[in-house]
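Given next are the chains, with one letter for each unit.
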Amino acid sequence: MHSLKSYLLITFLYLCSSSLLYAQDCPATITASNTQPGCQPGPITLTAAPGGATFEWFRDGVSVQGPSATNTYTALVSGSYTVTVSGACNTKTSDPVILNINPFTPDFNFNPNTIRCAGTPIAFSIVSPQASEEYVWDFGDGTTTTGANVSHSFFSTGASTASFNVAVYARSSIGCLSPVVNKTVTVSQKPAFVPPTDSSSFSVCVPESEPAIKVKASLLNNTPVPNDIVSYVVDFGDGAGPTTYTPAEFTATVPIRNSIAYDTTGAFPITIRAIGANGCDSVYTKNFEVNRTPYAHFSPQKDRIIPGACVPVKVTVDTDSTRGGNLSYEWIVQNNRGQNVGFSDFEYLESTTNTSEKPVFSFKTMGRFTIKMIASNTCGRDTATSSVLIAYPEVRLDADTTHCGPLTISFNGDLVDYDANLGTIDPTTYRWTVTGPGAQPIDGTSFTSRNPIISFPNPGTYTVSVVVSNECGPSDAVEQQMAKATITVNPIPSKPTLTTTSPLVCFGQQYTIRPSGPGTKFAFYDVKAGGTALRTDREYKTDPLNGDKTFYVATVSDKGCESERESFTIKVTPRINNNTISLAANQKDLCAGNAVPGAINGLSATGGTGSISYYWQKNTIGETAVFSTISNSDVEDYPPGSLNATTWFRRIARSGAACNNDTSNVVMITVYPNPGNNRLTLSSPVPVCKGSAGPTINGDPTSYTVVWQSSPSASGTYTTAVGTIGTNSFTPATLTQSTWFRRIIRTGGDCESVSSPILVSVVEPIDASSNTISTSSGTGLCASTASTTVQLNGSEPKAGGVVVPNASLKYTWQISTTGTSFSNLSGSNSRNFTYTGVLSRTTYFRRIVEYTSGTCPSHTSDFITIEVTPAITGNSSITTSASVICQGTAITLSGNARPVEMEPLISGGK
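All values reported here derive from a predicted model rather than from experimental measurement.

Parameters at a glance
Residues numbered from 1 in each chain as written. Predicted model: local features only at pLDDT ≥ 70, side-chain atom pairs only at ≥ 80, totals over all residues. Heavy atoms only, no water. Salt bridge = Lys/Arg side-chain N within 4 Å of Asp/Glu carboxyl O. Helix = DSSP H or I, 4+ residues; strand = E, 2+ residues; numbered from the N terminus. Buried < 20%, exposed > 50% of the residue type's maximum accessible area, 1.4 Å probe, protein only. Pairing = 2+ DSSP bridges. Axes fitted to C-alpha atoms, helices over the stretch in contact; angles between N-to-C directions. 1 Å grid on protein atoms, 1.4 Å probe; cavity = no way out; pocket = protein on both sides within 12 Å on 5 of 7 lines; lining within 4 Å. Points joined across faces, edges and corners; volume = space filled by probe spheres on them. Nonpolar A, V, L, I, M, F, W, Y, C, P; charged D, E, K, R; others polar. Core = buried A, V, L, I, M, F, W, Y, C linked by side-chain atoms within 4.5 Å.

*Asks:* Help me understand the pattern of salt bridges in this model?
*Replies:* Oppositely charged side chains are able to pair whenever their charged atoms sit close together. The final tally for this structure, using the stated rule, is 20 salt bridges. For aspartate 417, the salt bridge identified is with arginine 396, shortest N-O distance 2.7 Å. Here aspartate 417 is found in strand S34 (residues 416-419), whereas its partner arginine 396 is found in strand S31 (residues 394-397), with 21 residues between them in sequence. Exposure remark for aspartate 417: the relative accessible area of 34% places this residue in the partly exposed category. Its salt-bridge partner being aspartate 548, residue lysine 571 comes within 3.8 Å of it at the nearest N-O pair. Here lysine 571, found in strand S48 (residues 566-572), pairs with aspartate 548, found in the loop between strand S46 (540-541) and strand S47 (549-555); they are 23 residues apart in sequence, far enough to count as distant. One salt-bridge network, held together by shared partners, links Arg368, Glu394, Arg396, Asp417 and Asp419.

*Asks:* Looking at this structure, how should I read the sheet that holds strand S1 (residues 30-32)?
*Replies:* Either a parallel or an antiparallel arrangement is found when strands of a sheet pair, and the pairing is made through backbone hydrogen bonds. Taken in spatial order, the three strands of this open sheet run S1-S2-S5, and their pairing is antiparallel. Where the open sheet ends on each side, the last strands, each with one partner, are S1 and strand S5 (72-75). Ignoring strand direction, the axes of neighbouring strands in this sheet form an average angle of 25°. Where strand S2 (residues 44-48) lies against S5, four bridges are found, and the strand directions are antiparallel. Bridge pairing in S5 places leucine 46 opposite tyrosine 73.

*Asks:* Would you take a moment to explain the layout of surface pockets for this structure?
*Replies:* It is the rolling of a water-molecule-sized probe over the atoms that shows where space remains empty. Roughly 230 Å³ of volume is contained in the largest pocket. For the largest pocket, the lining is made up of 13 residues, of which Val77, Ser78, Ser132, Glu133 and Ser172 are closest to its centre. Residues that form the lining of the largest pocket fall into these classes: five nonpolar, six polar and two charged.

*Asks:* Just to check I follow, could you spell out the nonpolar core for this structure?
*Replies:* What tends to happen in soluble globular proteins is that the nonpolar side chains get buried as a cluster. Formed by 24 residues in total, the largest nonpolar core has its most connected members in Leu397, Phe411, Tyr418, Trp432, Phe456 and Val464. Only S31, strand S33 (407-410), S34, strand S35 (431-435), strand S37 (453-456), strand S38 (460-467) and strand S41 (483-490) provide two or more residues apiece to this core. Looking at this core element by element, the count peaks at four residues for S41.

Here it is, written out as structure tokens:
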């Protein structure tokens, strides 16, 4: 055991001596490829001193490259670098080397990356951002920001595109900067829309006098032209929604207005989208303010804060009747001397202030205060005030009056109001005071009654006052608080004096009532008592009087008191009645120069004051014009005779006194002018063919009403003509028989002119079946060079089944060798025709028949065919195959070949 311990000790000492003999420090130093101060562009190579077996590199204490045999490391980012060297020697870590290296050059994307309208948000993002780095952006429009993911909108106006240079760089935590990266962002420009103007500057104040709000904006476009705007979409904020306008509808001179009027107060947002040709838009929004002119009003309500205590008193206000939009408020409290009061007299409760809509006041002292409210908005300001009495009772006496003659007043609840003001009135404290000549309480009441009845017997001025008390004091304790009324009693004047009684006037006349006194002012009535004065003045001119009438007149004093009324009766003479004239039906319309049939009838007038006589008047201007008297017209019925112009007549009836003349109604006889010449002529010759339109019939020019008529005979019955009608001319429609036409000119009433009739004669067209032809020479001939005679016979033409006289007809015979192209034969104007000539081939004949007048179209017959057989030719010689032969031998004889002539095969036709 001892020997083992000795062995271990020897071995340990050996190892220790060996270690002390060979241990060496491994080199652990770093050399950087770039050691300049400040930030450096990467990469930077770090080299450790050789001599170790492995090298492990660290940045900021964190391993960035595990143990390896490489003693170099490429640093790309800033940091504190160290290296740990290990090998046969000891492991050792170097001192740190601090590197400041610029960040990597960043890359970025943006979305959307296609051209969009200016104002569209664009998202920018760094590709593979580093958490330790900050990214600084410059958007090329004067705007900068930082972040790895940012958003930006570019703004530009015009009709094209705009490009912006977007730059970004990275910044490390120690301030080192990467190179700058640039990219271009292009946007479509928004239209250069200039905000519009409004005739009311976008703010309207509606007066309180207008019960309803009906307001419209009136916008004018201030955008210069020409521009690239193709349309405007406008929403007036009136609930109607957007409306699209063309540039021609929204200009600097043509305003646009909302279709639905703003009908309440408030701010209405008007939005305008100006859309350019590229589809981009500029959006403008402006509030249209509608307010009412402020109307300030409030009602105070009082309540004791401490029961049984006179003060403090809580006062709330009801402002519901205050009107005007968007109001602001200011409250002021003043004492009864008009001075503003402060905290010692009152304070605001419940978190309200002097700018609250409904403040709550607490009044600490007794007395009268004035609360003033000022309501304001953009339309102006209005002030309302209300007086509040704190603690003391209040009496309101509403009895001021002015009366004519003695007066008794019952001071009941309609005239006097007692307000205990949150307390209790002491019934023993009523105290009335009256000053004036002889006023006394009556009917068991006294000056200490709550509601006395007081007599005011004499003219003069009386002052009435009343005071009452509650537990806080008397109602007159506050300066100017005593309730007072002024009673004025004026004397009654004497009745008027009327110097004339029962005057006589003519029916329909007026009369002036003029009293002689007393005084110079009178009231005129048409009733004995009550009613409303017809007039209050020095005199009264009546309306036109139609019968006896009594009026009543009172003297009016300078105090407005009236005397008893005096009666005044006016007598009226009777009027003439039944002075009426009339026209018979055949007298109302007349042709100029003709006499009026009979006389204008007049009823026998009645009334008046004696026998009745007449005279007649007339004019040619109008019913309200001046009439002139007709000589020798003193008759009841008047015959006007001949008239040349429209005339108005009336009749004057008279009886006894001159004032009894009566004018009848007016009658009018309308006189129409003479139509003038009415002659007719034809525009083209007649007759015309049956089934054709007639020629235009012309008449003398006229501007009056024209009626065209027709008849089958000159003296027959005429009816309205059918055709094309002009003022002066007429073109008949299709005619089937000879017809007479006439024209009627009418100027009004029965005034007309009938023209002499004019005949448009009609002839029948030639019957197709009556135009046939034949030949007596046969229809087959042999061709010859000699002249040949062909007898052509034609039927007797008819029209409407009746033979037409030969003298009215024209015949034309035609010839053709083809059957399609015909030519006229000279000398062929006869019903039958003898043709003489050489016929060498088949020939065709036909006849045309027409009227010599050319009225109807001609008619062409069917053709007849003369077939011509060609002559035999070419048979002039023969030949033989032998001239001498033995008997019984055959020979061949040859002749000329016969030519064949080809002719068209035509069986008949036109």
